[in-house]
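Observations on chain architecture
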Amino acid sequence: MNATTRLGLLGLALALSACSVLESDKIDYKSARKGATLEVPPDLSQLSADTRYTVPGGAASAVAFEAGQKAKPVGPNTAPSTIGDVRIERDGNQRWLVIDRPAEKLWDPVRDFWLESGFVFTTDNSELGILETDWAENRAKIPQDIIRSSIGKLFDGLYSTGERDKFRTRLERNAKGGTNLFVSHRGMVEVYSSQQKDATMWQPRPVDPELEAEFLRRMMVKLGVSEEQSKAAAASAQAAPLAATAKVANVNGVPAIQMDEGFDRAWRRVGLSLDRTGFTVEDRNRTEGVYYVRYVAPNANKKEQGFFSKLFSGSPDAVPPLKYRVTVRSEGSQSTVSVLNATGAPEASTNAERILRVLADDMK
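What counts, and where the lines are drawn
Residues numbered from 1 in each chain as written. Predicted model: local features only at pLDDT ≥ 70, side-chain atom pairs only at ≥ 80, totals over all residues. Heavy atoms only, no water. Helix = DSSP H or I, 4+ residues; strand = E, 2+ residues; numbered from the N terminus. Buried < 20%, exposed > 50% of the residue type's maximum accessible area, 1.4 Å probe, protein only. Contact = heavy atoms within 4.5 Å. Axes fitted to C-alpha atoms, helices over the stretch in contact; angles between N-to-C directions. Left-handed = near helix turned anticlockwise from the far one by under 90°. Nonpolar A, V, L, I, M, F, W, Y, C, P; charged D, E, K, R; others polar. Pairing = 2+ DSSP bridges. Salt bridge = Lys/Arg side-chain N within 4 Å of Asp/Glu carboxyl O. Polar contact = N/O pair within 3.5 Å; in protein donor to acceptor, adjacent residues only side chain to side chain. Core = buried A, V, L, I, M, F, W, Y, C linked by side-chain atoms within 4.5 Å.

This next bit is on the overall build of the protein chain. Counting its regular elements, the protein chain contains nine helices and 16 strands. Each of the 364 residues in the protein chain was classed as buried or not, and the buried ones make up 46%. Long-range pairs, those at least 24 residues apart, make up 63% of the contacts in the protein chain between residues at least 6 apart in sequence.

Structure representation (structure tokens):
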């Protein structure tokens, strides 16, 4: 075989490998860690400028979050699709499953689903109905060229997408005795932090509603729906309505979000926004319209800690989390979302306004 022939075959192999990457739409996650890890309560402070070897942390920035938001799809009203006892519904850019089974019977298969998908958990709380994965990388995004195919498996750590994802699953009992299942996504991307490009940092990237939808579809398969039926159900829920405006205003001397919608929809939107923006939800009471959350306020007087230093509560620079209640109050088709302190008194602080603005940004 002459040199020209060898070069031709090499070019053909490269072309075929490129086509396979372009034509495939795979999800192949690999957790950044091999076991359960400590997780700090997310705050709204600026993300730390960690090195490329640091797993992205749980902080969220109102400015960065707003800058990273995608345009939300617009279309007609919610489109449900039922197969057996599983139904997928959509409202705006939010999708969820409605399953005619009690949450207790769903916990184990849902938990197994994430483990089988390559994730490990940082939160695994059946009493709250919350599963949260560690940061993981979608290895399917790495181009499968001839070099990668030849030596990639031997030196897998040399390849990285520069992106990490984590997912929170929340199971909530509904009024009919079944379960509403929500999957929310958070993403980080590695970017250069200096003009010399000799250091990097992690910063938030936009929430991906389509990625949330794909995991909901796969969850349907885990719960007994066929692959073909799950794809048909997901396709039938493609139309998206225009979400009602969520605006921050001053109500009786305290900041609040005003929404032109009733309690059910407002409660759902607030819950998913809390999940997407990374708040630690300690408990919730739908009857009273209360989410109990933890929040770490940014400390302007001290240097921002790195992610791993935050894992140790004894660190002198660690900022203790504050406990708040995010409440949803409704009258007819109008709802108000506000923040109360740990004792249940209205909160008019900068922290309260910051929390509400981050939630409102996600609900736009």
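Now that the structure is up, let's keep going.
Working note: a packed helix pair is described by the angle between its axes plus the distance between those axes. Contact geometry of helix α5 (residues 209-222) with helix α6 (residues 227-236) gives a least axis separation of 9 Å together with a crossing angle of 145°. Viewed along their axes, α5 and α6 form a crossing whose handedness is right-handed. Facing Arg217, Met220 and Val221 of α5, the residues of α6 in contact are Glu227, Ser230, Lys231, Ala233 and Ala234. The residue makeup of the contact of α5 with α6, split by class, is four nonpolar, one polar and three charged.

What follows concerns the pairing of strand β16 (residues 334-340). Here β16 lies mainly inside the structure; five of its seven residues are buried. Relative to β16, strand β12 (residues 254-259) runs antiparallel, the two being bridged by four bridges. When the sheet's bridge partners are listed, Ile257 is paired in β16 with Val337. Two elements, strand β15 (residues 322-331) and β16, share seven bridges in a ladder whose sense is antiparallel.

A complete count under the given rule lists 30 salt bridges for this structure. Between Asp124 and Arg111 there is a salt bridge, with its nearest N and O atoms 2.7 Å apart. Taken as a pair, Asp124 in strand β5 (residues 121-125) and Arg111 in helix α3 (residues 103-116) lie far apart in primary sequence, 13 residues in all. In this structure Arg111 comes out as partly exposed when scored by relative accessible area, which is 26%. One salt bridge in this structure joins Glu214 and Arg218, with 2.7 Å as the shortest N-O distance. Placement of both Glu214 and Arg218 in helix α5 is noted, with a separation of four residues, approximately one turn of the helix. Three or more residues are tied together by salt bridges with common partners; here these are Glu132, Lys166, Arg168, Arg170, Glu172, Arg186, Asp264, Asp275, Arg284 and Arg286.

Before going further, it helps to examine the side chain of Asn138. The residue Asn138 is located in strand β7 (residues 136-138) in this model. Looking at Asn138, the relative accessible area reads 6%, which means it is buried. From its side chain, Asn138 meets the backbone nitrogen of Asp28 in a polar contact 2.9 Å long.

One finds Leu97, Trp114, Leu181, Phe215 and Met219 to be the most contacted residues of the largest nonpolar core, which totals 28 residues. Listed by contribution, the elements that provide at least two residues to this core are β3 (86-91), β4 (94-99), α3, β8 (163-173), β9 (179-192) and α5. Leave out the neighbours within four places in its chain, and Leu181 touches Trp96, Leu97, Ile99, Val110, Thr169, Arg170, Leu171, Leu216 and Met219. Formed by 27 residues, the second largest nonpolar core is a distinct cluster that contains Val270, Phe279, Val337 and Val358.

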